[in-house]
Amino acid sequence: MTLSLDHLRRCTVAADLGASRTRVYLKQSGLIVDEPSVVAVNTKTGALLAVGSPAERMAGRTPANIRVVRPINGGTVVDIDMAQRMLRAMVGPKLRRAFRRKPLLRAAVCIPHDADPLARRAALETLIGLGARRVELVDSLVTAGIGCGLPVEQPEATMIVQVGAATTQVAVLSLGSIVAAEKVPIGGETFDRALVQHLRNQHELLLPSLAVRPLHQVLNGDIPQITEVHGRDVATGLARTVKIDPESLRLAVRTPLTSLLDAIRAVLHRCPPDLVADLADRGIMLTGGAAQLPGLDTTLRENTGMPVNVAEDPGLCAVQGLGAMLEGRVRPLPVPEPAN
């Protein structure tokens, strides 16, 4: 960890390229970008029409010649050119001043744990295309642990569950490194799709994307016994209202919840007993943009028997942790000198 911290302190920009949101941290300035990872482009001319929140509002409402693109999926850049254009539009004016102060800019970027070589290269090329001379790749689990205040550099076990839009990463950290980790293709969007698919299959009802969010309350039992859901009839295309039993919605999200619990158990199974004993007291820290799903912490607490806490501003943990490493606010564990 000492060597990587040395390199990171020379960086000026930190980026967290998430499937849902893109966040950029500028050294000595703080967070300068926190926008949805969405781009709207004209398919006829190739012109960039909007990025971030304006582009997100266009989703599902555009004519045929306008395409809404998400260039990042599961923390991996899947469209390098579009990701570069998106970042250039988001941070261009703010980074020009930084380039004037320090032309040979270095950058750091969060990447998922065990990212394959193609994912690493895509992250590198995206930042280099913006003018970075050198790019440091940092595991997002470590940066998220630092960002939420966990003592990851100490010889104590800390467990972090990073719930993103498309994937969830589970890890146990100690001495600044990952002891055991697991990644599952489950995130906030997975729960949305499970609810939408259930209503389509059982009630022949299509829901608009914003109408799914109130149904998240089913995870913590806040929905009344019978609730009304408004949507579009699959057959006729007309607006229709149906009455839903919340218990059926809970059954619909049980499968992704079970997969998440299995990942936590698998990580615990691979940990040394001494570290598991630490976790019994400290518990699990939830981070990531989807960590605030209603009732998710309660469900994990009931099924694991461990304390579960949600980080303050869970979506910002990774970029804030990487920013703390850039600013030099993270100290490596001192190594004792050998006895004479």
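Only a predicted model underlies this, so the values are computations on that prediction, with no experimental measurement involved.

It is worth spelling out the layout of surface pockets at this point. The space that makes up the largest pocket amounts to roughly 1500 Å³. Along the walls of the largest pocket sit 50 residues, with Ser20, Glu56, Ala165, Glu189 and Arg213 positioned nearest its centre. Counting only elements with at least two residues in the lining of the largest pocket, the list comes to β1 (13–17), β2 (21–26), α2 (53–58), β9 (106–111), β11 (158–163), β12 (168–174) and α6 (188–203). In terms of residue count, α6 provides more of the lining of the largest pocket than any other element does, five residues in total.

Another point: the sheet that holds β11. Pairing within the open sheet is mixed, and its five strands lie in the order β13-β12-β11-β17-β18. Single-partner strands in this sheet number two, and they are β13 (177–184) and β18 (308–310). Averaged over all pairs of adjacent strands, the angle between their axes in this sheet comes to 20°, without regard to strand direction. Looking at chain direction, strand β17 (residues 284–287) and β18 are connected through three bridges and run parallel. Following the sheet pairing, Ile284 is matched in β18 by Val308. Across the face of the sheet, helix α9 (residues 273–282) comes into contact with β11, β12, β13, β17 and β18 while running at roughly 65° to β11.

For the rest of this paragraph, the subject is helix α10 (residues 296–304). When α10 is considered as a whole, its buried residues turn out to be Leu296, Thr299 and Leu300. Buried residues of α10 fall within an arc of 95° about the axis and therefore sit on the same side. Packing partners of the buried residues in α10 comprise β11, α8 (254–269), β17 and β18. A positive backbone phi angle near 70° is found at Gly305, which sits one or two residues after α10.

To continue, consider the confidence of the model for the chain. Chain-level statistics for the chain give a pLDDT mean of 86 and a share of 91% at 70 or above. pLDDT under 50 marks residues 333–340. Its contacts with residues more than four places away, or in other chains, come to four contacts.

If you want to describe how two helices pack, look at the angle between their axes and the distance between the axes. Direction vectors running N to C along helix α5 (residues 140–147) and helix α11 (residues 317–327) enclose 85°, while the axes themselves pass 6 Å from each other. One way to sum up the angle between α5 and α11 is to call them roughly perpendicular. Across the interface between the two elements, Ser140, Thr143, Ala144, Ile146 and Gly147 from α5 touch Cys317, Ala318, Gln320, Gly321, Leu322, Ala324 and Met325 from α11. Its residues placed into classes, the contact of α5 with α11 shows seven nonpolar, five polar and no charged.

This part takes up the side chain of His198. By the element assignment, His198 lies in helix α6. With relative accessibility at 15%, the residue His198 sits in the buried group. Within the local environment of His198, its side chain forms a polar contact with the side chain of Ser248, the two groups lying 3.4 Å apart. Contacts of His198, omitting those with residues within four sequence positions, involve His203, Ser248, Leu249 and Ala252.

Position of Thr168 relative to the elements: it lies in strand β12. For Thr168, a relative accessible area of 1% puts it in the buried group. A polar atom in the side chain of Thr168 sits 2.5 Å from the backbone oxygen of Ile186. Setting aside anything within four residues of it in sequence, one finds Thr168 in contact with Val161, Gln162, Val163, Glu182, Lys183, Val184, Ile186, Gly187 and Leu260.

Parameters at a glance
- Residues numbered from 1 in each chain as written.
- Predicted model: local features only at pLDDT ≥ 70, side-chain atom pairs only at ≥ 80, totals over all residues.
- Heavy atoms only, no water.
- 1 Å grid on protein atoms, 1.4 Å probe; cavity = no way out; pocket = protein on both sides within 12 Å on 5 of 7 lines; lining within 4 Å.
- Points joined across faces, edges and corners; volume = space filled by probe spheres on them.
- Helix = DSSP H or I, 4+ residues; strand = E, 2+ residues; numbered from the N terminus.
- Pairing = 2+ DSSP bridges.
- Axes fitted to C-alpha atoms, helices over the stretch in contact; angles between N-to-C directions.
- Contact = heavy atoms within 4.5 Å.
- Buried < 20%, exposed > 50% of the residue type's maximum accessible area, 1.4 Å probe, protein only.
- Arc of directions from axis to C-beta.
- pLDDT = per-residue confidence, 0-100.
- Parallel < 35°, antiparallel > 145°, perpendicular 65-115°, else oblique.
- Nonpolar A, V, L, I, M, F, W, Y, C, P; charged D, E, K, R; others polar.
- Polar contact = N/O pair within 3.5 Å; in protein donor to acceptor, adjacent residues only side chain to side chain.

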